[in-house]
Amino acid sequence: MTTDAQPWSAKAWAIHLVRTELRLLIGLTVVSVFLWAFLHTMGEVREGDTYRFDRSILLALRRQGDLAVPIGPRWLQETARDVTALGGVTILALVVVVSIALLVLHRRRIQALIFGAAVLLGQTLAELTKHLVGRNRPDLVPHLDLVYSSSFPSGHSAMSPIVYFTLAGILAAGEPNRGAKTLLLGVAAALVLCVGASRVYLGVHWPTDVLGGWAMGTAVALLATLVLHRFAPHRSRRAGRPGETPVAPQPKA
């Protein structure tokens, strides 16, 4: 006895096409919004229109009369240094290398390639923008961390969403539990927010450096996620086409 799958109807084709293209359109729209936010912030920074905003936030995070001391208890300053390291080159490089190695070992080479390409693209964009804008680091308050490069955009704030959001997306794609997916994405978002906030708290970046980094990094992460869903879906598709329903075996006469 043999069983044949029912033919894929034109209606099923149309529904599948509309859903796929609609998701792609929405995703590209969101990417465009974050790119616009990044370019708009960069334009405002280059024109010097963000100084009052940046200055007010930086000064609000320091004690009046002693700008060398940030607000809050002493342990908060130490915590900020620990958190900011999660967006540094050393930690992110370790996360990227180990993640790519694990993806390759699990024969998910396309995902490893896209993840690595997203990281390289983000790092290149961040460095080019730093050279293009050439913004000086904040000089209103003493720095509580070592810095070496230009200020806009914040490299920590740009690279942390690329690494953590893209990696969370890869892991969530293979997770059937909705609660676990939410936890993965929530932890990634918390890491990104805390890393960016720590850069301002430590006085090594203007707030708009962080906002620009978040916008650029999130745009790259979302673009990478769209490419992953398009070319490297994690879940194995059924042998039958979308819209097909299994045919129950018929008893022999």
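Residues numbered from 1 in each chain as written. Predicted model: local features only at pLDDT ≥ 70, side-chain atom pairs only at ≥ 80, totals over all residues. Heavy atoms only, no water.

**Focus: the pattern of salt bridges**
Here is step 1: Per the counting criterion, the structure on display carries five salt bridges.
Here is step 2: Asp209 is the salt-bridge partner of Arg135, the closest N and O atoms lying 2.7 Å from each other. Of this pair, Arg135 sits in the loop between helix 5 (109-133) and helix 6 (155-173) while Asp209 sits in helix 8 (residues 207-231); the two residues are 74 residues apart in sequence, bridging distant segments of the chain.
Here is step 3: The exposure class of Asp209 is buried, given its relative accessible area of 0%. (Salt bridge = Lys/Arg side-chain N within 4 Å of Asp/Glu carboxyl O. Helix = DSSP H or I, 4+ residues; strand = E, 2+ residues; numbered from the N terminus. Buried < 20%, exposed > 50% of the residue type's maximum accessible area, 1.4 Å probe, protein only.)

**Observations regarding a nonpolar patch on the surface**
Here is step 1: A surface patch of nonpolar side chains, amounting to about 350 Å² of accessible area, comprises Leu22, Leu25, Ile26 and Val30.
Here is step 2: Mapped onto the secondary structure, Leu22 falls in helix 1 (residues 10-47). (Patch = residues over 30% accessible without salt bridge, like charges linked within 9 Å, V, L, I, M, F, W, Y side chains within 5 Å. Areas by Shrake-Rupley, 256 points an atom, 1.4 Å probe, with all protein chains shown as cover.)

**A short note on the side chain of Ser154**
Here is step 1: Note on placement: Ser154 falls in the loop between helix 5 and helix 6.
Here is step 2: Assessed through its relative accessible area of 0%, Ser154 is described here as buried.
Here is step 3: Non-local contacts of Ser154, meaning those with residues more than four positions away in its chain, are made with Arg199, His205, Asp209, Val210 and Gly213. (Contact = heavy atoms within 4.5 Å.)

**Brief notes about the layout of surface pockets**
Here is step 1: The space that makes up the second largest pocket amounts to roughly 600 Å³.
Here is step 2: Lining the second largest pocket are 27 residues; nearest its centre among them are Gly87, Gly88, Val89, Gly155 and His156.
Here is step 3: Those elements that place two or more of their residues in the lining of the second largest pocket are helix 3 (74-85), helix 4 (89-105), helix 5 and helix 6.
Here is step 4: It is helix 4 that contributes the most residues to the lining of the second largest pocket, six residues altogether.
Here is step 5: For the lining of the second largest pocket, the residue count by class is twelve nonpolar, nine polar and six charged. (1 Å grid on protein atoms, 1.4 Å probe; cavity = no way out; pocket = protein on both sides within 12 Å on 5 of 7 lines; lining within 4 Å. Points joined across faces, edges and corners; volume = space filled by probe spheres on them. Nonpolar A, V, L, I, M, F, W, Y, C, P; charged D, E, K, R; others polar.)

**Considering unusual backbone geometry**
Here is step 1: Between Phe152 and the following residue, Pro153, the backbone shows a cis peptide bond with an omega angle of -10°.
Here is step 2: Assignment of secondary structure puts Pro153 in the loop between helix 5 and helix 6.
Here is step 3: In the Ramachandran plot, Arg107 falls in the positive-phi region, its phi being about 60° despite a non-glycine side chain.
Here is step 4: Within the fold, Arg107 resides in the loop between helix 4 and helix 5.

**Here we look at helix 2 (residues 51-60)**
Here is step 1: Residues Asp54, Leu58 and Leu59 constitute the buried set of helix 2. Within helix 2, the buried residues cover an arc of 120° as seen down the axis, which keeps them to one side.
Here is step 2: Summarising the contacts, the buried residues of helix 2 are in contact with strand 1 (62-63), strand 2 (66-70), helix 7 (178-201) and helix 8. (Arc of directions from axis to C-beta.)

**Here we look at the packing of helix 7 against helix 8**
Here is step 1: Two numbers describe how helix 7 lies on helix 8: the axes approach to 8 Å, and their chain directions differ by 155°. When the interaxial angle is binned, helix 7 and helix 8 end up roughly antiparallel. Where helix 7 crosses over helix 8, the two elements pack in a sense that is right-handed. Residues Val192, Leu193, Gly196, Ala197, Arg199 and Val200 of helix 7 form the contact with helix 8, whose participating residues are Pro207, Val210 and Trp214.
Here is step 2: Each residue belonging to the contact of helix 7 with helix 8 can be placed in one class, and the counts come to seven nonpolar, one polar and one charged. (Axes fitted to C-alpha atoms, helices over the stretch in contact; angles between N-to-C directions. Parallel < 35°, antiparallel > 145°, perpendicular 65-115°, else oblique. Left-handed = near helix turned anticlockwise from the far one by under 90°.)

**A closer look at the environment of Arg199**
Here is step 1: Structurally, Arg199 can be placed in helix 7.
Here is step 2: A C-alpha to C-alpha distance of 9.3 Å links Arg199 and Leu144, two positions 55 residues apart in sequence.
Here is step 3: Filtering out sequence-adjacent residues up to four positions away, Arg199 remains in contact with Thr84, Arg137, Asp145, Val147, Ser154, His156, Ser157, Val204, His205 and Val210.
Here is step 4: Among the polar contacts listed, one links the side chain of Arg199 to the side chain of Thr84, at a separation of 2.9 Å.
Here is step 5: There is a polar contact of 3.0 Å between the side chain of Arg199 and the side chain of Asp145. (Polar contact = N/O pair within 3.5 Å; in protein donor to acceptor, adjacent residues only side chain to side chain.)

**Some thoughts on the packing of aromatic side chains**
Here is step 1: Counted under the stated rule, the structure contains two aromatic pairs.
Here is step 2: Summarising the aromatic geometry, the rings of Phe38 and Phe152 are spaced 6.2 Å apart at their centres and angled 5° between planes, so their arrangement reads as stacked. Separated by 114 residues along the polypeptide, Phe38 in helix 1 and Phe152 in the loop between helix 5 and helix 6 bring together distant segments of the chain. Of the two residues, Phe38 and Phe152, both sit in the buried class. (Phe/Tyr/Trp six-rings, centres within 6.5 Å; stacked < 30°, edge-to-face > 60°.)

**A few points about the nonpolar core**
Here is step 1: Counting 20 residues, the largest nonpolar core has Phe115, Val119, Ile162, Val163 and Tyr164 as the members making the most contacts within it.
Here is step 2: The set of elements that each furnish at least two residues to this core consists of helix 4, helix 5, helix 6, helix 7 and helix 8.
Here is step 3: For Tyr164, the residues in contact, after removing those within four places along its chain, are Leu86, Ile91, Leu92, Ala188, Leu191 and Val192. (Core = buried A, V, L, I, M, F, W, Y, C linked by side-chain atoms within 4.5 Å.)

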